[in-house]
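# Close look at the chain arrangement
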Amino acid sequence: MFSKYTTAAPEVIAREFNTDAKAGLAYTAVEKNRAAYGRNELEQNRFSIWRIFFRQFASPFVYLLIGAALLAFLLGEHLDGSLILLFIIINTALGFHQEYKSEHTVELLKRYVVARARVMRDGKENMIAANELVPGDLVIIQTGDIIPADLRIIRAENLVVNESPLTGESVPITKTSETQKTPATEVYQAINLGFSGTTVAEGKGLGLVIATGRASVMGTVTKLTTETKRASSFELGIHKLSIFILRLILVTLTFVFVVNVLMKGANMATIIPLIIFSIALAVSVIPEGLPVVTTFSLSRGALRLAKHHVVVKRLSSIEDLGSINVLCTDKTGTLTENILTVENTHAHEGIDSAAVIRYAALASPFLAEKNKEPNNAFDLALWQKLNKKEKKSAQNASHLQEIPFDPERRRNTVLVKTELGEELISRGAPEVIVNLCSHLKSEEQREVLAWMADEGAHGRRTLAVAKKTLTHAPENMATAEHDLEFLGLLSFSDPLKPTAKSAINKAKHLGVQVKIITGDSAEVAGTVGHQVGLATDSKDVLIGEALDKLGDKEKIAAVEKYNIFARVSPEQKYRIIELLQKKYTVGFLGEGINDAPSLKIAHVGIVVAEASDIAREAADIVLLHQSLRVVIDGIQEGREVFANTIKYIKATLASNLGNFYAVAVSTFFIDFLPMLPIQLLLVNLLSDFPMIAIATDTVDKEELRTPRSYDIKDIALFATIIGAVSTIFDFLFFGIFFRLGPEILQTNWFIGSILTELVFIFSVRTHGLFFRAKLASTLLIALSGMAFVTTILLPLTAFGQRVFQFTLPTLPHLTLILGLVALYFVTTECVKLLYYRFVNSKPIGA
């Protein structure tokens, strides 16, 4: 229970966990505490081979097959029953193999995205995986962090925590290190505790871990993260399609069954085989490989993305990634290197340029923690400009208080104690800093802003610095941020990434609009946007303040017109994405705590690995390498996954539905089954292997040029039209062979059914002429070839004739079948081309 720790002094709690309230746990005590309290993680649905195995049977179609097998055994048809069970085992093994690979892939990918924590152990600061924390650890927390365990706060600097995941209260709570006089019994009363899963909204602090994993308050309610799980529109569409197919099949089979019973009589000799035949026919038309194809495509895409330093947290987001037609991103680190160099200084009258750099460096938060190296691009650039004496002087300065940088305030402020006394230093956006310096004359302010604009026109970022000497530390630093002495400005150059222009060009070829949304000045953002080809003029920029002044309709037009947005606040960024989503599928690349709302609302949230914890939790995709090119490559990968999944659906539905109706209707005209249940199952099995290989297929460039949307009407219409062609050819097989006897019809129709499905795969994989398409994948060609050879050879063998009741096909019959298959391929090619020219003539992906 956490309440006892609210009234206990840090030293007392430290003794309970055998730690030191200043230096942290000794390394020798870490394993001892872990053995006593366990790992810092909740029980989760872990990777389980057995769960994957049993999941293969969680299908009504499998239940139908099992029922048919049991029925066959009860009627003494042991061979049929055994073979049906064999097909169940083969399909189960196939699904298990692919899902195992997919689950294993996800497990591997999870290792890339590990929550982190900064701890003090043996007096030294270290970054460790959050699940390695143990009670007694000292944890350093700051703005943007998700608190990794329950903590007793022992140092707080303007520490404000959002506890809404626990309390539902949206107002952040200010935390203190003071010992409470009365024990807290509710979470909201514990103002000196930080709870696992809550977020640091502002400031920084140091906390002593008092509970981890299931023992934490969050653990008791089985909720650790704030991740929102979403189902993609594609997944919802597939679900609707599956229900539609199932209903269509059940209605058709019921009609066929009733008509056959009425025509042939209701006796056990006809009803039982008809039931088994109906079940097998249903199974033959169901695209049961769709989950395997989708999962295999997604996991394969995820692995390929991982090789390009893109980690997918939610597999279905790969398809969402492919549907992006507007990508919003910051420019720093994405289009530019984020490796800054101090380019120029503009010191105020009477101030030395070296002093501007020195005070800018003193305002760096890294000095407060006595780190050996700075931790951001600005500070690194400043640090490199200091000589050894200046660096030593800066490290000897004592940081007393700090207000961290905030996108709303657009500055950070520190109170430091130097040899000159206590000095308050502010650094940030020039237009903000000059307003804090009341002694600046109007012409001096214009001069500062003109210098900033000139540097910005050269693509350089600017930083203003001001200070104030105090006689004593203020109770609230924010109230002391006035009447500052303006010291000057610094400009920083940040070179473009070598891949920036090519990434923008590739985005254009993929039909993706890239929009820069940044807090930088209009001049800097416009110059960078112009350099990479996002604007014809560097002045084609809309600033956040101007956007706010527009009416609702004007805002919608503005976010479509402009590709560059500057001086944008988090709220304005959120609003821009919200407006774009009225018409487009929007991806957003962010990293800070203030980007979390935008990451949540975007269709696809993307962050870099170094992003704040809450931003990474809100995102779907994590970039291990910050580059726009890898995002654009990911969009292409998503479109390839989508295209191959659509190929599979169209191929299997068109060919299966055509065969389904032909076989079902043919039962009205003959007094025997046109194809035995075991033969129908074999057709399903032999065609499934190459069908599933579509997941590995290549994709034509034309299919990647624009975002694609899931169109159930197009799929259904295409399957119906091509299915009608398949039905006509199936009736040709039936009409030619049914008078020659059951075995001849069954054997030849079996061969024809599989071969037509195989050749149709190579027609449907492209919208144009098949020979102009990219060469199919090696696996698709190999498995199709194996299925083709097996289909021809199996009826020629004694095994095929004994087990599957085939008859030996004659050479003239085989020649006729191959001729019909060739004619079928030519016909489907012609119908397909006519369909995409006259019926669905819109551009691919529109």
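In what follows, the structure referred to is the one given above.
Read on for an overview of the structure. Everything numeric in this text was worked out from a predicted model, so none of it was measured.

### A few points about the overall build of the protein chain
For the protein chain, the helix and strand inventory stands at 31 helices and 21 strands. In the form shown here, the protein chain has an accessible surface area of approximately 36600 Å², with 59% of it arising from carbon and sulfur atoms.

### Notes on the environment of leucine 250
With respect to the helices and strands, leucine 250 occurs in helix α9 (residues 233-264). Residues leucine 250 and serine 278, spaced 28 residues apart in sequence, show a C-alpha to C-alpha distance of 9.6 Å.

### Quick word on the nonpolar core
Judged by nonpolar contacts, the single largest core of 68 residues is most densely connected at Ile606 and Leu623. Top element by residues in this core is helix α25 (residues 628-666). It accounts for 7 residues. Residue contacts for leucine 623: discarding those within four places in its chain leaves His309, Val310, Leu589, Ile606, Val607, Val608, Ala609, Val630 and Val631. Grouped together as the second largest cluster of nonpolar side chains are 64 residues, Leu673, Leu680, Phe729 and Phe750 included.

### Focus: the packing of aromatic side chains
Ring pairs (aromatic) are described by centroid distance and by the angle formed between their planes. Applying the stated criterion across every chain yields a total of 17 aromatic pairs. Grouped by ring-pair contacts, the aromatic residues Phe750, Phe799, Phe804 and Phe806 constitute a single cluster.

### Comments concerning the pairing of strand β3 (residues 138-142)
The element β3 is largely enclosed, with a buried count of 4 among its 5 residues. Note that strand β1 (residues 116-121) and β3 share 3 bridges and pair antiparallel. Note on β3: the bridge partner recorded for valine 119 is valine 139.

### Section: the sheet that holds strand β12 (residues 411-418)
Strand order in the open sheet made by the 6 strands is β10-β15-β14-β13-β12-β11, with antiparallel pairing throughout. Unpaired on one side and paired on the other, β10 (341-347) and β11 (398-406) mark the two borders of the sheet. Taking each pair of neighbouring strands and ignoring which way they run, the sheet shows an average axis angle of 20°. Strand direction decides the pairing type here: β10 and strand β15 (residues 485-493), joined by 6 bridges, are antiparallel. Within β15, the residue paired with valine 342 across the bridge is phenylalanine 492. This element, helix α13 (residues 353-362), spans β10, β11, β12, β13 (421-428), β14 (461-470) and β15 of the sheet and lies at about 85° to β15.

### Notes on the packing of helix α28 (residues 742-764) against helix α29 (residues 778-793)
Here α28 crosses α29 at 165°, and the two axes come no closer than 10 Å. When the axis of α28 is compared with that of α29, the two are roughly antiparallel. Where α28 crosses over α29, the handedness of that crossing is left-handed. Contact residues: Phe750, Ile751, Ile754, Leu755, Leu758, Ile761 and Phe762 in α28; Leu780, Ile781, Ser784, Ala787, Phe788, Thr791 and Ile792 in α29. Residue classes in the contact of α28 with α29 are distributed as 12 nonpolar, 2 polar and no charged.

### Focus on the side chain of serine 627
Following the sequence through the fold, serine 627 ends up in the loop between β21 (621-623) and α25. We classify serine 627 as buried; its relative accessible area is 3%. At 3.2 Å, the side chain of serine 627 forms a polar contact with the backbone nitrogen of arginine 629. Each residue touching serine 627, except ones within four places of it in the same chain, is listed here: Gly333, Thr334, Lys497 and Thr499.

### As for the pattern of salt bridges
Scanning all chains against the criterion turns up 27 salt bridges. In this structure, lysine 497 engages glutamate 337 in a salt bridge whose closest nitrogen and oxygen atoms are separated by 3.7 Å. In this pair, lysine 497 is assigned in the loop between β15 and α18 (500-509) and glutamate 337 in the loop between β9 (326-329) and β10, connecting sequence segments 160 residues apart. By relative accessible area, lysine 497 is classed as buried at 11%. On the accessibility criterion, glutamate 337 (27% relative accessible area) is partly exposed.

### Some points on the pairing of β15
Counted residue by residue, β15 has 8 buried out of 9 residues, so it is predominantly covered. The pairing of β14 with β15 spans 7 bridges and is classified as antiparallel. Bridging from a neighbouring strand, lysine 467 pairs with glutamate 485 of β15.

Rules behind the numbers
Residues numbered from 1 in each chain as written. Predicted model: local features only at pLDDT ≥ 70, side-chain atom pairs only at ≥ 80, totals over all residues. Heavy atoms only, no water. Helix = DSSP H or I, 4+ residues; strand = E, 2+ residues; numbered from the N terminus. Areas by Shrake-Rupley, 256 points an atom, 1.4 Å probe, with all protein chains shown as cover. Core = buried A, V, L, I, M, F, W, Y, C linked by side-chain atoms within 4.5 Å. Buried < 20%, exposed > 50% of the residue type's maximum accessible area, 1.4 Å probe, protein only. Contact = heavy atoms within 4.5 Å. Phe/Tyr/Trp six-rings, centres within 6.5 Å; stacked < 30°, edge-to-face > 60°. Pairing = 2+ DSSP bridges. Axes fitted to C-alpha atoms, helices over the stretch in contact; angles between N-to-C directions. Parallel < 35°, antiparallel > 145°, perpendicular 65-115°, else oblique. Left-handed = near helix turned anticlockwise from the far one by under 90°. Nonpolar A, V, L, I, M, F, W, Y, C, P; charged D, E, K, R; others polar. Polar contact = N/O pair within 3.5 Å; in protein donor to acceptor, adjacent residues only side chain to side chain. Salt bridge = Lys/Arg side-chain N within 4 Å of Asp/Glu carboxyl O.

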